[in-house]
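Geometric and topological summary
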Amino acid sequence: MDVDGEGVSAVATGDRTIPMHPGRHEAFHQFTQQKLPACKPVLTPAWVISIFLLMGTIFIPIGLVTLHASQSVVEVVDRYDIECIPEAFKSNKLGYIKDSSIPKNCSRFLKVYKRMKAPIYIYYQLDNYYQNHRRYVKSRNDQQLLHGLKYNGTSSCKPEQTNNGLPIVPCGLIAWSLFNDTYEFIRGASELTVNRKNIAWKSDRDHKFGKHVYPFNFQNGTLIGGGMLDPRIHLSDQEDLIVWMRTAALPTFRKLYGRIEEDLNADDVIVVNLMNNYNTYSFGGKKKLVLSTSSWLGGKNDFLGVAYISVGSSCIFVCFVFILLHMKNRRPYGGHNLFVLEQERHL
Amino acid sequence: MLASILVNDQFQPKKWKDLRVGEIIRIQANETLPCDMVLLSTSDPTGVAYVQTINLDGESNLKTRYAKQETLLKMPDEGKVSGLIRCEKPNRNIYGFHANMEIDGKKLSLGPSNIVLRGCQLKNTNWAIGVIVYAGRDTKAMLNNSGAPSKRSRLETHMNSEIIILSMFLVALCVVVSVCALIWLLNHRKELDYLPYYRKQDFSKAGAKDYNYYGWGMETLFAFLMSVIVFQIMIPISLYISMELVRVGQAYFMIRDTQMYDEASHSRFQCRALNINEDLGQVKYVFSDKTGTLTENKMEFQCASIWGEDYSGGNSKIEQGGYSVQVEGKVLRPKMKVKTDLELLQISKCGNGTKEGKHVGDFFLALAACNTIVPLVVDTSDPTVKIIDYQGESPDEQALVYAAATYGFMLMERTSGHIVIDIQGERQRFDVLGLHEFDSDRKRMSVILGCPDKTVRVFVKGADTTMFSVVDKSSNASIIRATEAHLQTYSSLGLRTLVVGMRELCASEFEQWHSSFEAASTALIGRAALLRKVASSVENNLCILGASGIEDKLQQGVPEAIESLRTSGIKVWVLTGDKQETAISIGYSSKLLTSKMTQIIINSNSKESCRRSLEDAIVMSKKLVTIAGVVGNVGGSSEAGSTPVALIIDGTSLVYVLDSELEEQLFQLASRCSVVLCCRVAPFQKAGIVDLVKNRTSDMTLAIGDGANDVSMIQMADVGVGISGQEGRQAVMASDFAMGQFRFLVPLILVHGHWNYQRMAYMILYNFYRNAVMVLVLFWYVLFTSFTLTTAINEWSSMLYSVVYTSVPTIVVGILDKDLSRRTLLQYPQLYGAGYRQECYNAKLFWLTMLDTLWQSAAVFFIPLFAYWCSGIDISSLGDLWILGVVILVNVNLAMDVIRWTWITHAAIWGSIIATFICVVIIDAIPSLIGYWAIFHVASSVTFWLCLLAIVIAGLIPRFAVKYLYQYYKPSDIQIAREAEKFGNLRELGAVQIEMNPILEPPRR
C-alpha cells in the first residue's frame, strides 16, 4: 500500500500553476483540489489470501485457549423445582407453593465430580423468566431507592406503588418479586460457610441504593410476590435485592447467591438444605442451583471457543479456496486486454 | 414599469400590466418592449427600426424591422387613423408572424419583419410607434417561458423507491412483533394476573382490577405502535441531512476547483442548485447551445483570396494602432481589431496605382458596401477618440466590414439612401440605388451603388455554390480555378467562406433594372418572387473579385471537450438558432461532425413531407448501421457502428414534429445518430426537444447554454448548466450550475460528476445498511423479551447512533473519497459510463446490501447472546456490548470500502469509534440511569473483548470475500482502471483505447 504521489507531482493534463506560498497554503491547495496525499489499498490476491491466513492463524489459537479455559471450569447444576415438591402435591404444584402452612424445606445431594477450587460461586438459575419484559423493567424507581420516602413521584412503580394508602419502599414489580429461596450447604458433618457479602456491584451499593433508606410497608399486600426484607437494614446493605434488581438481559439467567471459600474435593457429597419458597410454578419456570468455579474467562461457556475455532478454520478454508482459484484462473492486474473487453461488453 | 401609450391624442405613461391589445405605443431608443407590437412608423424616414433580440434568441447583433410604407407618414398623435389588424392566435413561434392590416381600405400583409417582440430593445432608432398585437401572457416571449420545474436528483428518486421497500420491511417487522406478542398473550392469558413480570391485576386498592391492560386487541395494537417507534430508524431520516451536508461539501470542491476557474472573466464555478450534484455523473444526453456556448460569438476575418491571389497572412499580426480616421479633429477607430496580412495591407495602401491595388480596392469596397451593417459612433473615455461599432444581423458581415475598415475602407455612415465610406483617408459618398437582400434560395445578396465617378456598379456577395453559377466564366477562367482551390483550403480549415463579385452596369441596363425594381418593390402580390426575379436578372455575368475566409471563433478547448464527451458515450445534441450552413460549419470545426459521418438533413415545409423524410431517414440509418455492423463483424474488432450518422434538422420541420406523433419517429432516428444538429430553433422548441428525449428514455439530460433563449431548455433538462458569458445573466439565473466556459463541462461531469455520483450512491447504500443493522439487532432482541420491545441499548445510545456514532465517517467519505484520480478519468472518458449504466446504485446492489445486513446483524446479536447465555449479565451491560459491536462493525465496514485513505478519513473513522466508547462511558457514568457503571463491569471481562473481535470479523468475512471475488473475477471498468492506476501500466492501456470512439446504442424505451 504505497502512498500515491498525486499531490506532489504536477499533473500533466492542464493543471494550472497557481503561485503558492509554501507550507500551509500548499496543504490547503491540496485539500481544495482534492489532492491530499492518500493511501489507496487495492485488494490483490496476495493481500486477500494473507489476510485470511492471518485471521485463521489468530483465531484458531484464541479459540483453543478459550475453549480450554471454559473446559477447566467445574460446574455442578441441580434442578430442584420439581424434585422438591412432596409426592402429594405433584399434581397441584400451585396449591403447594401458595399454601404457607406447608413447610418448604427440602434437601438435595450434590456430588462434586471434580475438584473445585475456591472461590466457588453459588448461583441460582431461573429459566423462562422474562426479567427483560417491558412492564417489569420499567417497574422500579431509582430515585426512591436512593432517597427513600422523601421521593414521591413513583408512578412508574404501579401496581406496586402503594399499599393501604401508604407508599411501598422499595416499590415496583422487580422488588416485589424478589427471589427468596435460601440454601445451606453441609459437607460431611460440618456446614460450609457461605460468604454472602460483596455479591452486588459496589457501584450499585454506593450510588444507586441509599444508605439511609429502609424498607417500608414492603410485601404487606394481599399478594405476596417473593422475599421479605428486614426493615432494619438499609437498602445499600440488602445485597440480594441489589443483585435481583440488576435485571437480567435474557430469559435464562443466573444470579449470584454467595461464595464458598473452601475447596471442594472430587466425590465430595454436599447436602443442600433449601427453602423452596419462590413460585415459578405458575408460569412453568425452572429453578436450578449452580455451583461453579471460575476461570480468567468467567464461567463455563464453550460457545466463544467453538465460535473462534470455526471462524478461524473457515478463514483458512476460504484462504485455500482462493489460492486454488488464483492458480487456476489468473487475471492480469490492470490488464489492458480486459479493459477493452469490458468496454465492448457495454457497447 | 411605465410605457408611453396614446390616450386622447397624447402619449401618456401607463403601467405595463395595464397595456391592452390594440393600443398604440411609443418606444424610445434603448427602451425594452413591454409587448409584441406591429410597427407603424419610426424615426427613420424609410421606416426602419433596429432592435436587439438578445433576450429572445441570444444573438447580440441588431436586427432590422420595418414599418409599412402606408403607415409611415400617418402620425397617430396628429390625427385619427383607423385600421384593422387580423393576426394569428398567440403562439410561441418567435420567427413567424402572419397578419394583415386594413388601412384606408387597402389590405397590407404583415410578416415577421414588421413585428417587434416583447423583450427586444430598440437601438439606434430614436423612437418607434406601433400597435400592440399581443400583450401580457400572450406575448411570444412569455409563451416561450416555461416555469421552472423543481428538480430532484435521479439517485434520490431511486432512493425514495428503495425507502418505500424499507418502509414495507419496517411494517413487516412490526407485524411480526405484534402477531408474536398477541400469540404470547393468548398463550399466557391465564397466568397474566399473577405473572411476576407481568402482574395484570392491581391489588393495591380494594377490589382487584386490571392494571394497564386493555384487552388483547389493544395490547397488540400497542405492540405494533411501539415497534414502529422502536424500529423507526429503519427509515434513514438522518440520511437526508447527511446528503445535504455531503452536497455542500461536494459543491465546495467544485467551486474551488482551479480547473473550472475562468481566468478571462475571473469567475469561479457556481453551484446554484444543491440537490442534483450526483446527477452530473449520470448524464447521457448533452444539449448545447451554439452561439456563446461553443463559439465565442466573435467572427474573425482570417484570409482573403483576391483575383486568384491567396493572402493567408503567414506573417500576420495585430497592428497596435489599427486603422483610424480623423474627422473634425477626432480620431475614429473601429471597435474590433483584425489580424492583418502585411502584404495585403501594403497593396491596399498603395491604392489604385497598380492593377493589383485596384483589384484589392474593389474587393474591400465590396466588403464595406455590400451588407446591411449600421455603423454606430460611440464615445470613449478619451474625448478625442471615438469608436465605430458595426451593428448588424449577420456576424459574418460585421467581421467583413471590420476587416475592410482595417485595410482602409471604413464604413462611416449608412442611411437607406446612401453610404459614406472612408477610403484610405478620403471620404467618398455612394448612392445606394437598390439592395437585394439575402434569401435562402439565392444564397447571396447584392447592392447597386452609384459611385462618385458616376458609374453604376453592382456588388454581389454570397455562398460559393451559388456564386460560381452566376460568374462570367469565359473571361477569367484561371482566376476562378485559383479561387476555387483557395476556397477548398479555407473550408477544410473550418473557415466560413463567402465569394464576392462585381459588375458595372451600363446606362440602359441600369434603366431596365431600375424600372423593374420599382415595379417589383411596390407590387402587392408575389412581391418576394418578383424581387427575386429582378435580382437574378442583374446578378449575372459577374466578374469575380475574390473570396474571404472568416473564422467563427470557437471557445477555447471546445473540440477537445466534445471529443471527450463523445468518447465517454454521451450524446451531444447542438440546438442553435443559427442558419443551417453556419451550424454545419461549426459542427465541423468543433469536431462534432467529421468527414466520416453520413449526414441526414431534414428540411420540410409540411407535416406530410416531414413524415416522408423521417421515414426515409430511418430506413437509411438502419441500413448504414447494419452495413457498419457487418463490416465490424468481419473485421472482428470493436469498430461496430463506424459509419456514424449525423442528423441535421431545422426549426421549421421541428414545428411539425414536436407535439405530434412524429416525435416517436424523430426519437428513433435520433437515437441511431451519434450527433444531432438542430438549427433555426426557437427557445421553446429547444425545450421541446429536451422534453422529447426526457419523455422517451430514462437517461439523464443536461442542457448547456448562455443566453436568455436557452432558459427554457436549461429548466427543462434534468441538469441545466449556464455559461456566464457576454449574453446577460438569464441563463445563469435559470441554471443549476454556472461556469465560465464550455470546456469546463468536461471536468464538471467526467470528474466531479463521476465522483459525486459514486460517493452519493455509496453513501445511500451505506446509510440503508447502517440503520438496518441497528434495527435488526433491536428486532432480534425483541424476540427474546417475550415480544415486548424492551431495548437493551439505552435510549441515549440509540439516539446518538445515527447522529454521532456513525454519521461523521459517512459524510467525510461522501465528500472526500475518490474512486479514480482526475487524470485517469480525463484520460479515459469511457469510465464515465459507470454513471449512466447505474453501476454504483441499483436494485441488485440494494438487495445484496440488505442480505449482508441480515448476516451482520445476526453476527452482532447472536455472538454476545450465546456467549452470555446462562450468565448473570444484565440488560445494560449486554446493551453496551451490542451498541459498541454495531458501531465498530459498521465503521470497519465503511473503512473496508474506502478507496483513498487521507488523514481526514482516518481521523473520522477511528475517531468515531473512539467517540462512541467515550459516549458510552459518559452515559454509564450517570447514576440516575439504569445502566450505571455497566460498561466498566462488562469491559473488565475478557469475554467482552473477544465478543467484539468476533463480531467484527465474523460480520465482515462474507462481505470481504464476495467483494474480492467480484472485483477479481468480474471487474468493472473502474476496478480495472484503479488497478492500472495503482500498478502503473496506464500507458499501455491508452494505446489500445483510442480506436474505439463512436458509441452507438440501440434505442431503448
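Please read these numbers as outputs of a predicted model, since none were measured by experiment.

**Notes on the overall build of chain A**
When helices and strands are counted, chain A shows 10 helices and 13 strands. Out of the 347 residues in chain A, the part that is buried amounts to 52%. With an accessible surface of roughly 16200 Å², chain A has 59% of that area assigned to carbon and sulfur atoms.

**Digging into the overall build of chain B**
Counting its regular elements, chain B contains 33 helices and 36 strands. Seen through its C-alpha atoms, chain B measures out along the principal axes to roughly 130 × 75 × 60 Å. Out of the 1005 residues in chain B, the part that is buried amounts to 60%. Look at the contacts in chain B between residues 6 or more apart in sequence, and 72% of them connect residues 24 or more apart. When the accessible surface of chain B is summed, it comes to about 39100 Å², and 58% of that surface belongs to carbon and sulfur atoms. Once the 95 positive and 98 negative side-chain charges of chain B are each reduced to a mean point, those two points are 2 Å apart.

**Focus: the side chain of D127 of chain A**
All names here are of chain A. Positionally, D127 belongs in strand 5 (residues 120-127). Taking the relative accessible area as the measure of exposure, D127 reaches 10% and is therefore buried. At a separation of 3.2 Å, a polar atom in the side chain of D127 contacts the side chain of Q125. Sequence-distant contacts of D127, that is, excluding residues within four places in its chain, are made with P251, T252, G285, K286 and K288.

**A word on unusual backbone geometry**
Residue A118 of chain A is joined to P119 of chain A through a cis peptide bond whose omega torsion reads -5 degrees. Residue placement: P119 of chain A occurs in the loop between strand 4 (105-111) and strand 5. Residue P170 of chain A is bonded to the preceding V169 of chain A through a cis peptide linkage, with omega at -10 degrees. Residue position: P170 of chain A is located in the loop between strand 7 (166-167) and helix 6 (173-176). Positive phi, normally seen in glycine, also occurs at Q219 of chain A, with a value near 60 degrees. For Q219 of chain A, the position within the fold is in the loop between helix 7 (202-207) and helix 8 (239-245). Residue classification places Q219 of chain A among the buried positions, given a relative accessible area of 6%. Positive phi is not limited to glycine here, since W307 of chain B has a value of about 50 degrees. Looking at the element boundaries, W307 of chain B is found in the loop between strand 17 (295-306) and strand 18 (309-311). By relative accessible area, W307 of chain B is classed as partly exposed at 23%.

**Observations concerning the UniProt feature "transmembrane region" (unreviewed entry) in chain A**
Residues and elements named next belong to chain A. UniProt records the feature "transmembrane region" (unreviewed entry) at residues 42-64 and 303-325, using the numbering of this structure. Helix makes up 87% of residues 42-64 and strand 0%, and the two end C-alpha atoms of the span are 33 Å apart. In residues 303-325, helix accounts for 100% and strand for 0%; the two terminal C-alpha atoms are 32 Å from one another.

**A short note on the state of the cysteines**
All names here are of chain A. Applying the stated criterion across every chain yields a total of 2 disulfides over all chains. Linked covalently through their sulfurs, C84 and C106 form a disulfide whose S-S length is 1.9 Å. Between C84 and C106, the S-S torsion sits near -70 degrees, and that sign places the bridge as left-handed. Remark: C106 occurs in strand 4 and C84 occurs in the loop between strand 3 (75-79) and helix 3 (93-98); sequence separation between them is 22 residues. Taking the relative accessible area as the measure of exposure, C106 reaches 12% and is therefore buried. Note on cysteine connectivity: C157 is disulfide-linked to C171, with sulfurs 1.9 Å apart. Of this pair, C157 sits in the loop between helix 5 (142-147) and strand 6 (162-163) while C171 sits in the loop between strand 7 and helix 6, and the two are 14 residues apart along the sequence.

**Remarks on helix 9 (residues 303-328) of chain A**
In this model, helix 9 of chain A (26 residues) spans 37 Å end to end at C-alpha, consistent with the 38 Å of a helix rising 1.5 Å per residue. Among the residues of helix 9 of chain A, those classed as buried are L304, G305, A307, Y308, V311, G312, C315, I316, V318, C319, F322 and H326 of chain A. Turning to helix 9 of chain A, the residues buried within the fold contact helix 2 (45-72) of chain A together with helix 27 (843-867) and helix 31 (942-969) of chain B.

**Focus: empty space enclosed by the protein**
According to the stated counting rule, one finds 13 cavities of 30 Å³ or more in the structure shown. By volume, the largest cavity is sized at about 90 Å³. Taken together, R140, D204, K208, F209, I242, M245, R246 and T247 of chain A together with D874, I875, S876 and I930 of chain B make up the full set of residues lining the largest cavity. Listed by contribution, the elements that provide at least two residues to the lining of the largest cavity are helix 8 of chain A together with helix 28 (875-897) of chain B. Its residues placed into classes, the lining of the largest cavity shows 5 nonpolar, 2 polar and 5 charged.

**Here we look at the sheet that holds strand 7 (residues 83-87) of chain B**
All names here are of chain B. Sheet architecture is open: 3 strands sit in the order 7-8-9, paired in antiparallel fashion. The outermost strands of the open sheet, each flanked by one partner alone, are strand 7 and strand 9 (106-110). The mean angle between the axes of side-by-side strands here comes to 20 degrees, regardless of whether they run parallel or antiparallel. Pairing between strand 7 and strand 8 (residues 99-103): 5 bridges, direction antiparallel. From the neighbouring strand, G83 faces strand 8, where its bridge partner is I103.

**Comments concerning the interface of chain A and chain B**
Many analyses report the size of an interface as the accessible area lost when the parts associate. Each partner contributes residues to the interface: chain A has 101 residues there, and chain B has 115 residues. Taken over both partners, the interface formed by chain A and chain B buries close to 9900 Å², and the fraction arising from carbon and sulfur atoms is 61%. Our enumeration of links across chain A and chain B arrives at 2 salt bridges. We note a salt bridge from R246 of chain A to D874 of chain B, for which the minimum N-O separation is 2.8 Å. Summed over the shared surface of chain A and chain B, the result is 34 residue pairs in polar contact (both at pLDDT 80 or more). Taken together, the residues that form the side of chain A that touches chain B break down as 49 nonpolar, 31 polar and 21 charged.

**Quick word on the sheet that holds strand 11 (residues 121-123) of chain B**
Residues and elements named next belong to chain B. Within the open sheet, the 3 strands sit side by side as 6-5-11. Their pairing is antiparallel. Single-partner strands in this sheet number two, and they are strand 6 (62-66) and strand 11. Averaged over all neighbouring strand pairs, the angle between strand axes comes to 45 degrees, with direction disregarded. With 5 bridges connecting them, strand 5 (residues 48-52) and strand 6 associate as antiparallel partners.

**Observations concerning the environment of S613 of chain B**
All names here are of chain B. Along the polypeptide, S613 turns up in helix 16 (residues 607-635). Along the primary structure S613 and N603 are separated by 10 residues, whereas in three dimensions their C-alpha atoms are 8.4 Å apart. If we ignore the near neighbours within four places in the chain, the residues touching S613 are I602 and S604. Engagement of the side chain of S613 in a polar contact is seen with the side chain of S604, the distance being 3.2 Å.

Rules of the game
- Per chain, the residues get numbers from 1 upward, laid out in the order the sequence is written.
- Labels follow written order: the first chain is A, the first ligand is 1, and so on.
- Per-residue local features of the predicted model are confined to residues with pLDDT of at least 70, and side-chain atom pairs are confined, for both listing and counting, to 80 or more; whole-chain, interface and lining totals are unaffected and use all residues.
- For side-chain calculations, the full set of non-hydrogen atoms in the structure is used, while hydrogens and water are omitted.
- Secondary structure elements follow DSSP: runs of H or I no shorter than four residues count as helices, runs of E no shorter than two count as strands, and numbering proceeds from the N terminus.
- Under the scheme applied here, a residue whose accessible area is under 20% of the maximum for its type counts as buried, over 50% as exposed, and between as partly exposed, the area being computed with a 1.4 Å probe on protein chains only.
- Using a 1.4 Å probe, the Shrake-Rupley method yields the accessible areas, and only the shown protein chains count as cover for residues.
- Contacts are assigned to residue pairs with any non-hydrogen atoms lying within 4.5 Å of each other.
- Here Asp and Glu are counted as negative and Lys and Arg as positive; His is not counted, and neither are the chain ends.
- By convention, charge coordinates are those of NZ in Lys, CZ in Arg, CG in Asp, or CD in Glu.
- Polar contact criterion, stated in full: a pair of N or O atoms within 3.5 Å, where within protein one must be able to donate a hydrogen and the other to accept it, and residues adjacent in sequence count only if both atoms are side-chain atoms.
- UniProt positions are given in the numbering used here, feature names are shortened, and annotations may be inferred rather than shown by experiment.
- Two cysteine sulfurs form a disulfide in these notes if their separation is within 2.5 Å.
- Take the residue count of a helix, subtract one, and multiply by 1.5 Å to get its expected span.
- A cavity, in this analysis, means grid points on a 1 Å lattice covering only the protein atoms where a 1.4 Å probe fits yet has no way out; a pocket is instead an open set bounded by protein on both sides within 12 Å along at least five of seven lines, and a residue lines either one if it has an atom within 4 Å of a point.
- Grid points are joined across faces, edges and corners, and a volume is the space filled by probe spheres set on the points.
- Residues are grouped as follows: nonpolar covers Ala, Val, Leu, Ile, Met, Phe, Trp, Tyr, Cys and Pro; charged covers Asp, Glu, Lys and Arg; every other residue, Gly included, is treated as polar.
- What makes two strands pair is DSSP finding at least two bridges between them.
- Simply put, an axis is a line fit to the C-alpha atoms, just over the touching stretch for a helix, and the angle between two N-to-C directions goes from 0 to 180 degrees.
- Note on terms: buried area is the combined drop in 1.4 Å-probe accessible area of two parts once they are placed together, counting the loss on both.
- Note on definitions: salt bridges are taken to be side-chain nitrogens of Lys or Arg within 4 Å of carboxyl oxygens of Asp or Glu.

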